[in-house]
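Coordinate analysis (summary)
Okay, here's what each chain looks like letter by letter:
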Amino acid sequence: MSKFQPIEFYKNKKNEYSLLPFRFEPLSEVNYAVTNLVGEHLIIPRETLEDFVKHKLDSSSPHYINLRAKHFLVDDKTQIAKELLSIKLKTKYRVLSEFTGLHIFVVSLRCEHSCPYCQVSRQSDDKIKFDMSTDIADKSIDLALRSPSKNIKIEFQGGEPLLNFPLIKYIVNAAKSKQKEKNLSFVIATNLALITEEILLFCKQHGILISTSLDGPKDIHNLNRPRPGGNSYEKAVEGIQMVRAHLGIDAVSALMTTTKNSLGRVKEIIDEYLKFSFTGIFLRPLSPYGFALKTKTYSAYDANKWHDFYLEGLEYIIDLNKTGVKFREYYTSTILTKIFTSQEPGYVDLMSPSGIGIGAIVYNYDGLVYASDESRMLAEMGDTSFELGNVLTNSYEDIFLNPKLLDPIEESFAFSVPMCNDCAFETYCGADPVFHHAIYKDFVGRKPESEFCNRNMKIFKYLIERMDSEPYIKRLFMSWAQSNA
Amino acid sequence: MEANLIFDANIYSIDAIKKACYRNINRFAVNISKEEDTINCNITFKNTVTESQIKIYLDDFMKEVLDQDLRESIKKETEGVRNLILAHTFSKTGLIKDE
Amino acid sequence: MLKLHGSAISHDATLMQRGLFIVTKKSELPRTIKSKYALLLDNYLNYEEGYGAYISFSEVKISNIKNYFYLPKEMDYLGEGDIIRIEPSGRINSLFRINSSHNTILLTEQCNHYCLMCSQPPKNIDDSWLMDDAMALLDLIPRETRNIGFSGGEPTLYGDHFIDLINKTKLILPNTTVDVLSNGRAFSDSIFTSKFAAINHFDCVLGIPIYSDDPARHDYVVQSKGAFDETILGILNLKKYQQKVEIRIVIHKQTIDRLVQTCEFIASNLLFVDHVALMGLEMMGFTRANLDQLWIDPFEYKDILSEAVDVLTCYGINTSVYNHQLCVINDDVLPNYKKSISDWKNEYVDQCDSCLKKSECGGFFSSSKMYRYSDHIKAII
Ligand code: SF4
Ligand code: SF4
């Protein structure tokens, strides 16, 4: 048919193209991961990469077509990439102007548990000293409601927040009566040992959700979380069931703390989560804060061991999905959301600019304000770098324009940090100035030596290679990238 | 343990070499010096590092220099468009032509 | 298959120009509106003077009826409320069928694309009278009509007249949803898009094709350089003005290889679209001429189709699969499977007789049935 032109007619004639901004990182001897301005990725051979950069890549090669379609280059065929990239960047940065969605209220520092890795809590009956006052609560609520964010989530933490349940009630009621155009939601982070019918009735009335701890099988959990009676696990399990009976199956989520006791037992831990019908697990790196750093629990098991733990868990979860059991790993999901979408999952550790103060803020029992949950733990250990002020004496502006908040955010912005600035995974990664300050005493750290960088870099590479190896996994990962799929 | 690597200054920039060194900061220390046409890297390893490791480290380092060189080319070519896109991202209007 | 146009076997036309008429059997309509109607004669029994035209499917031998058209039997589906166009030459077109849920009005045969699989091959002739008729048709369409579609050719080639048409549709049929098939390129002009948006229609969906994430391939399929960029820009503009957009992908040999990537492209760049339609090939127009380049058995691509649907639905994009037969798709596509759009075009083949799923299956376009369909049609039992 002569009236139709062949496809060659529509290909660009001259083999001319210009590069769009992109970064790369080796995955193996042969293959490199390339990512563009918004984090879209491809895997290409080193050779192709070199040809590409040197303008020698043939426009009819499949790599060329992929690179063009994913916005790594523009040629006389298409210029739309710039517009699309800009729109996606806009979406990504929009969340920043909507800052501080999560407000953590430490209503009591007291706790009946004595977990070795926890630094902040106190075994004490001294309510005056360790409980938040209504005065401080009022001031904190006012601050929280001033955030630009439309959706305000108030999370009650401790210590054990249920030890000061009257104040929780007070805050919920006060926040609700003070708020005008905000969507308020509430979460209580509790070990559930003290949960009662009365508390749950209140939760039901106000749509309050519960977040609890479940470290795995009974022995691990109880070893991690000593309490009088040695029955933390039993209490948690009982509590979970009780919460669900009152508030519904999804009203309670569980968080796992990884300790030395967990290593090598990731499958058992996951099985425990399955047993209680949770739909996912967060295989958390051990936090270096609090007791952990002080007692060197942290150095006792190195990053590699955690990496193995995580990978074994992840692979196990992938296999579970293959057999039809829907289950997710949340750390992976957070990263995948950044890999596959323009959304910002808002997980403080993996945000850049750093999520401190932006993603979350902490109002401590004593009125001090911290830039993140980790920041207050650091403060408990004597490093007050991230203490932003006091609700009783400081204004909103004092707190959010405090150089103690702005300096670390600016300095640690991965976009401009050595190595991060040319790292292919910068858009997936975070800045975490608190972690770096805790360990390396500056907000940035030297990334090649940074445990944070090593850990995440390995995971990014693994995830990208893994999904490239098997279409099923790419599909699965894509579904994990969505918030509520 | 020490090693010496010499790079052609007409081919590699000091910046690329510096960046490659930085990325290997956890493995060895480098003293960089420049002569007419060469960039010399005097590399010092910790005593605990073995011969075979050194070989791997140096190998990786040279690859990293090549990569940094590529990164430099990319940056040079794309800096303008990157700034343009960022500027448009943070401005009110889009890049759409007839606005 | 219904015959949408035909010529009167005999007629006595005193019409000076073509006209649109509502078919009715009712005599004794008020004098003031009679002229809008074509009276369907029941022999001579319901004859009354003053109607715009008279039609019948068996000959009525009366000599003094003006504008009487004796129509071929194939058109006897025409009934009360349908709207037809009659030309002085005796040519009759069915324009609007009251019992069809999807009436599509052809606005032009001109197009700035020349798609390999075009079912309505473009003609470069002045056919703006089609637009005039469409405008006139709007006055006759009942207000209860749920939906109408406009197609081409490329309707937006009319520029401001196209805007006028949609505007009139909104004013005169305030409860009718509208579908427009367009290649979207006109909307790369922000001014045009802003005018369109200013109509503020409550539910007007633009169905716009994207055939590949590879611009060269898209341009090839539509046979027009620069089409890809303009279409994408058009979609972005429409969304900037909060207009509804449906992306339409026809699946064939030239689009199947990058179908999954194309869906990924949509998910990552055009996540905000309202609907994506994945459509089987219709054996009309150019498709037959280009069959070698286009035909791929749906059975062979069913896994790719599953993957494509999976990508889109995973991102929460409303997705439908059209023009496919149930026996050649995987079960995971079922939630997105739609029985074909047109309720009167689809047909079945012999194998279907014993099929348990026949009532849920969209079957075939009559063109496919006649010309080419999957070698793997097999009754589901
Ligand atoms: S911390 Fe490491 S992995 Fe993360 S962006 Fe920086 S260099 Fe890349
Ligand atoms: S056999 Fe016929 S009716 Fe049955 S699924 Fe196939 S095409 Fe449809």
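Counting restarts for each chain: residues are numbered from 1 in the order of the written sequence. Whichever chain is written first is A, and whichever ligand is written first is 1; the rest continue in order. Reporting of local features is limited, given that this is a predicted model, to residues whose pLDDT is at least 70; pairs of side-chain atoms are given and counted only at 80 or more, and all residues count toward the totals for whole chains, interfaces and linings. Working from all heavy atoms in the structure, the side-chain values ignore hydrogens and water.

Bringing the site of ligand 2 into the picture now. Nearness is defined per residue: one heavy atom within 4 Å of the molecule or strand is enough. The environment of ligand 2 is formed by 13 residues, the closest being Gln325(C), Cys327(C), Cys352(C), Cys355(C) and Cys361(C). Put simply, Ala, Val, Leu, Ile, Met, Phe, Trp, Tyr, Cys and Pro go in the nonpolar bin, Asp, Glu, Lys and Arg in the charged bin, and everything else, Gly too, in the polar bin. Looking at the shell around ligand 2 residue by residue, the class counts come to 10 nonpolar, one polar and two charged.

With that out of the way, let us pick up the packing of aromatic side chains. Centre distance within 6.5 Å is the pairing criterion for rings of Phe, Tyr and Trp, where only the six-membered ring of Trp is used; planes under 30 degrees apart are then read as stacked, over 60 as edge-to-face, and the remainder as tilted. A full pass over the atoms with the stated rule returns 42 aromatic pairs over all chains. With 5.8 Å between their ring centres and 70° between their planes, Phe22(A) and Phe72(A) make a pair best called edge-to-face. Taken together, the positions of Phe22(A) in strand 2 (residues 22–26) and Phe72(A) in the loop between helix 2 (62–69) and strand 5 (73–75) put the pair 50 residues apart, joining distant regions of the chain. Measuring from centroid to centroid gives 5.3 Å for Phe28(B) and Phe45(B), while their planes differ by 75°, and the two rings are edge-to-face. Of this pair, Phe28(B) sits in strand 2 (residues 28–34) while Phe45(B) sits in strand 3 (residues 38–45), and the two are 17 residues apart along the sequence. Phe45(B) shares its class with Phe28(B); the two are buried. Ring-pair connections join several aromatic residues into one group, and the members of that group are Phe7(B), Tyr12(B), Phe28(B), Phe45(B), Tyr57(B) and Phe61(B). In our convention, an over-ring charge means Lys NZ or Arg CZ found within 6 Å of a ring centre and within 35 degrees of that ring's normal. Positioned above the aromatic ring of Phe278(A) is the side chain of Arg244(A), whose terminal nitrogen or guanidinium carbon lies 4.6 Å from the ring centre. A helix here means a DSSP run of H or I that spans at least four residues, while a strand means a run of E at least two residues long, and both kinds are numbered starting from the N terminus. Think of it in three bands: with a 1.4 Å probe and only protein chains considered, a residue is buried below 20% of the maximum accessible area for its type, exposed above 50%, and partly exposed in between.

A separate point is the packing of helix 14 (residues 330–340) of chain A against helix 19 (residues 451–469) of chain A. Residues and elements named next belong to chain A. Packing of helix 14 against helix 19 leaves a shortest axis separation of 11 Å and a crossing angle of 70°. Taken together, the axis directions place helix 14 and helix 19 in an arrangement best described as roughly perpendicular. By crossing handedness, the relation of helix 14 to helix 19 is classed as right-handed. For the pair helix 14 and helix 19, contact is made by Tyr331, Thr332, Ile335, Leu336, Ile339 and Phe340 and by Arg455, Asn456, Ile459, Phe460, Leu463, Ile464 and Met467, respectively. For the contact of helix 14 with helix 19, the per-class residue count stands at 10 nonpolar, two polar and one charged. Here the axes come from fitting lines to C-alpha atoms, over the contacting stretch only for helices, and the angles between their N-to-C directions go from 0 to 180 degrees. In what follows, roughly perpendicular refers to angles from 65 to 115 degrees, roughly parallel to angles under 35, roughly antiparallel to angles over 145, and oblique to any angle outside these ranges. Here is the rule for handedness: rotate from the far helix to the near one, and if that takes an anticlockwise turn smaller than a right angle the crossing is left-handed, while a clockwise turn gives right-handed. The contact criterion used throughout is that any non-hydrogen atoms of two residues lie within 4.5 Å.

What follows covers the interface of chain C and chain A. Taken together, the contact pairs 33 residues of chain C with 33 residues of chain A. In this assembly, chain C packs against chain A so that about 2800 Å² is buried in total across both faces, 60% of it on carbon and sulfur atoms. Per-residue buried area on chain C facing chain A is highest for Lys225(C), Cys314(C) and Tyr315(C); these three make up 19% of the total on that side. Any Lys or Arg side-chain nitrogen located within 4 Å of an Asp or Glu carboxyl oxygen qualifies as a salt bridge. Seen at the junction of chain C and chain A, the total is six salt bridges. Across the pair Glu264(C) and Lys474(A) runs a salt bridge, and its minimum N-O distance is 3.3 Å. We call two N or O atoms a polar contact when they sit within 3.5 Å, provided that within protein one can donate a hydrogen and the other can accept it, with sequence-adjacent residues counted only if both atoms are side-chain atoms. Applying the counting criterion to the chain C and chain A interface returns 15 residue pairs in polar contact (both at pLDDT 80 or more). For any pair of parts, buried area is found by adding up, for both, the accessible area (1.4 Å probe) each one loses once the two are put together.

Moving on, we come to unusual backbone geometry. The amide bond that connects Gly158(A) to the next residue, Gly159(A), takes the cis arrangement and shows omega of 10°. Summarising the element assignment, Gly159(A) is placed in the loop between strand 7 (151–157) and helix 6 (165–178). The peptide bond linking Gly152(C) to Gly153(C) adopts the cis configuration, its omega dihedral lying at 10°. Mapped onto the fold, Gly153(C) is located in the loop between strand 10 (147–151) and helix 3 (160–172). The residue Ser277(A) is not glycine, and still its phi comes out positive at about 60°. Positionally, Ser277(A) belongs in the loop between helix 10 (266–275) and strand 11 (280–281). Notably, Glu28(C) is not glycine yet its phi reads approximately 65°, a positive angle. Tracing the chain through its elements places Glu28(C) in the loop between strand 3 (19–24) and helix 1 (31–34).

Frequently, the measure chosen for interface size is the accessible area removed from exposure when the parts meet. Residue and element names in this part refer to chain A. Just so you know, the domain bounds were taken from an automatic or database domain assignment. Under the domain assignment, chain A is made up of domain 1 (18–92) and domain 2 (99–403). Taking only C-alpha atoms into account, the centre of domain 1 sits 39 Å from that of domain 2. With five residues of domain 1 at the interface, the matching set in domain 2 holds five residues. Around 390 Å² of area is buried between domain 1 and domain 2 when both sides are counted, 49% of it from carbon and sulfur atoms. In this assembly, domain 1 and domain 2 are joined by zero salt bridges. Viewed at the interface, domain 2 and domain 1 are joined by zero residue pairs in polar contact (both at pLDDT 80 or more). The element that contributes the greatest number of residues to the side of domain 1 that touches domain 2 is helix 3 (residues 81–97), accounting for three residues. Of the residues in the side of domain 1 that touches domain 2, the class split is no nonpolar, three polar and two charged.

Let us now look at helix 2 (residues 129–140) of chain C. Residue and element names in this part refer to chain C. In this model helix 2 runs 17 Å from its N-terminal to its C-terminal C-alpha over 12 residues, within 8% of the 16 Å that 1.5 Å per residue would give. When we look at burial in helix 2, the residues that qualify are Leu130, Met131, Asp133, Ala134, Leu137, Leu138 and Leu140. Viewed along the axis of helix 2, the buried residues span an arc of 160°, placing them on a single side of the element. For helix 2, the elements touching its buried residues are strand 3, strand 7 (83–86), strand 8 (91–96), strand 9 (103–106), strand 10 and helix 3. By definition here, a helix of n residues has an expected span of 1.5 Å times n minus one. What the arc covers is the set of directions going from the helix axis to the C-beta atoms.

With that out of the way, let us pick up the sheet that holds strand 3 (residues 31–36) of chain A. Taken in spatial order, the three strands line up as 2-3-4 (chain A) in an open sheet, and their pairing is antiparallel. Two strands bound the open sheet, and with one partner strand each, they are strand 2 and strand 4 (41–45) of chain A. The mean inter-strand angle of the sheet, taken between neighbouring strand axes irrespective of direction, is 30°. On the sheet, helix 2 (residues 51–89) of chain B packs against strand 2 and strand 3 of chain A and is oriented at approximately 170° with respect to strand 2 of chain A. DSSP calls a pair of strands paired once it identifies at least 2 bridges connecting them.

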